[in-house]
Amino acid sequence: MLKRRIYQGLTAAGLALAVAGCKLPELAQRNVNRAVPATYNNSTQDTTSTARVRWQEFFTDPNLKALIDTALQRNQELNITLQELQIARNEIQVRKGEYLPSVSIGVRTDVEKPGRYTLQGATEEAINIQPDRRTPTPLANYQLGAFASWEVDIWHKLRNARKSAATRYLASVEGKNFTVTNLIAEIANSYYELLALDNQLAIIKQNIEIQENALRIVRQEKENAKVTELAVKRFEAQVQNTISLQYNTQQRITETENRINFLLGRYPQPITRDDQAFNSLVPTAVQAGIPAQLLSNRPDIRQAEQQLAAAKLDVQVARANFYPSLSISAGAGFEAFKPGLLFNSPESMLYNLAGDLMAPLVNRIGIKALYGTANALQIQAVYNYERTVLNAYIEVANQLSNISNLQNSYDAKLKEVQALNQSIRISNSLFKAVRADYTEVLITQRDALESKFDLTETKMKQLNATVNVYRALGGGWN
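Residues numbered from 1 in each chain as written. Predicted model: local features only at pLDDT ≥ 70, side-chain atom pairs only at ≥ 80, totals over all residues. Heavy atoms only, no water.

Student: When you look at the overall build of the protein chain in this model, what are you seeing that I'm missing?
Tutor: Looking only at helices and strands, the protein chain features 11 helices and five strands. For the protein chain, the spread of C-alpha atoms along the three principal axes comes to 140 × 50 × 40 Å. Taking all 478 residues of the protein chain together, 38% fall into the buried category. At a minimum sequence separation of 6, the contacts of the protein chain that also span at least 24 residues come to 84%. As presented, the protein chain carries roughly 26,900 Å² of accessible surface, and 54% of it is formed by carbon and sulfur atoms. (Helix = DSSP H or I, 4+ residues; strand = E, 2+ residues; numbered from the N terminus. Buried < 20%, exposed > 50% of the residue type's maximum accessible area, 1.4 Å probe, protein only. Contact = heavy atoms within 4.5 Å. Areas by Shrake-Rupley, 256 points an atom, 1.4 Å probe, with all protein chains shown as cover.)

So, in structure tokens, the structure goes:
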């Protein structure tokens, strides 16, 4: 027997009137502003972008490349992001499963004893299960079959939900790429800082040796009654101050090494490096390209764009909740009160087909609220996209300007260091000839030390600016 059940929350005519008469909320839309300036500040119109260069080619130091390679395999934050990718990939399968029919197979058995004074009980009492056999009490029931259910995606609600999940997965991929870009830049900046600290430590040790030699000369001058004890104490104080600076620099080296080890996902250990190569390092020439390339190079912009596309699909899913939904269920198998009769065909065969057509009527307020939330999230995604593009442009413009200014600053600092190095020799000669005061020697040595420190800091900033503009352009992840 074919059992056909069509359950309608509304009659066909009433449903048609309800759908035609319902007024859906207006869809809030906002156009995405993809316009960017034609050029960066103080840069030429060149379509070649350093962002296209792979990080293995952009960085030439073999020790730095080994550190980056280790971090890409062991960094915890990156590994967490990879698991988020897997979660997003699984979400696609979940949405795909909702879109497809659900089919299950199973076995069921039950025993039922209805009350004698009920319709079912009275019927079983009056009618024999067979002409010469009364209906057993209790009556067992055995069932074996396959059952399916399927929500017909009339309004593409399930399909759009699946597309939204796929788009968010692509956004997660771009998020992973952005994590890789930032990780490479952070390791490179920390590595260059470590080389700069090594160089500063070497400068400090050289100055301690120079100052100790000056202290011995001052003590000899005191024995010859040419200077007082005040001069000796001032020189001793300067030596101790520089020694203190040495320990502070050593602590900074330890902290920088451990910061790199943390990024590499390992416990503290020495960082392999060539500390003598810092002075010979030359910042890599950077070609910024044109601002429009940011839209395709920057992973965070691509991520924001994918999130915006997913938010638009979510609005369409929320909008489809106002329309009727059609569900179809079906089953086929065998059913009997005795296992031996289970496969007697056609007497024990069962099959059914049912369809449900339902439309929301009472809970429209809640559906409107969900729809309004989806709209707000979409507009929020638009603003987030525009902010990401604006931030990327400003980062590139700042770093390009920084590279130019740092180069001029480095040239000026280099001349200052050269002049102060000559001043040290001149002041020492004048002091020995009693033609200069000891305070001039102290001030000259202090200024020379500070200028050498500043020169090292400026070079480190030059290297960091090159790394930062590489990151800002969207390089490192490809």
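Now, onward.
Student: Sorry if this is basic, but what is going on with the packing of helix α6 (residues 157-223) against helix α9 (residues 299-320) here?
Tutor: Describing two packed helices takes the angle between their axes plus the distance from one axis to the other. In contact at an axis separation of 8 Å, α6 and α9 are set at 165 degrees when each is read in the N-to-C sense. As summarised for this structure, α6 and α9 are arranged roughly antiparallel, according to the angle between their axes. Considering the relative orientation of α6 and α9, their crossing is left-handed. A per-class count over the contact of α6 with α9 returns 11 nonpolar, 10 polar and seven charged. (Axes fitted to C-alpha atoms, helices over the stretch in contact; angles between N-to-C directions. Parallel < 35°, antiparallel > 145°, perpendicular 65-115°, else oblique. Left-handed = near helix turned anticlockwise from the far one by under 90°. Nonpolar A, V, L, I, M, F, W, Y, C, P; charged D, E, K, R; others polar.)

Student: What should I look at first to understand the pattern of salt bridges in this one?
Tutor: Pairing of side chains with opposite charge becomes possible as their charged atoms draw close. Per the counting criterion, the structure on display carries 19 salt bridges. Close ionic contact of Arg95 with Glu91 constitutes a salt bridge, the shortest N to O distance being 3.1 Å. With Arg95 and Glu91 both in helix α4 (residues 76-99), this residue pair falls four residues apart, about one helical turn. Overall, the relative accessible area of 33% leaves Glu91 in the partly exposed class. One salt bridge in this structure joins Arg168 and Asp314, with 2.2 Å as the shortest N-O distance. Pair noted here: Arg168 is in helix α6 and Asp314 is in helix α9, with a separation of 146 residues, a long-range link. Accessibility expressed as a relative area gives 35% for Arg168, which makes it partly exposed. For Asp314, a relative accessible area of 26% puts it in the partly exposed group. (Salt bridge = Lys/Arg side-chain N within 4 Å of Asp/Glu carboxyl O.)

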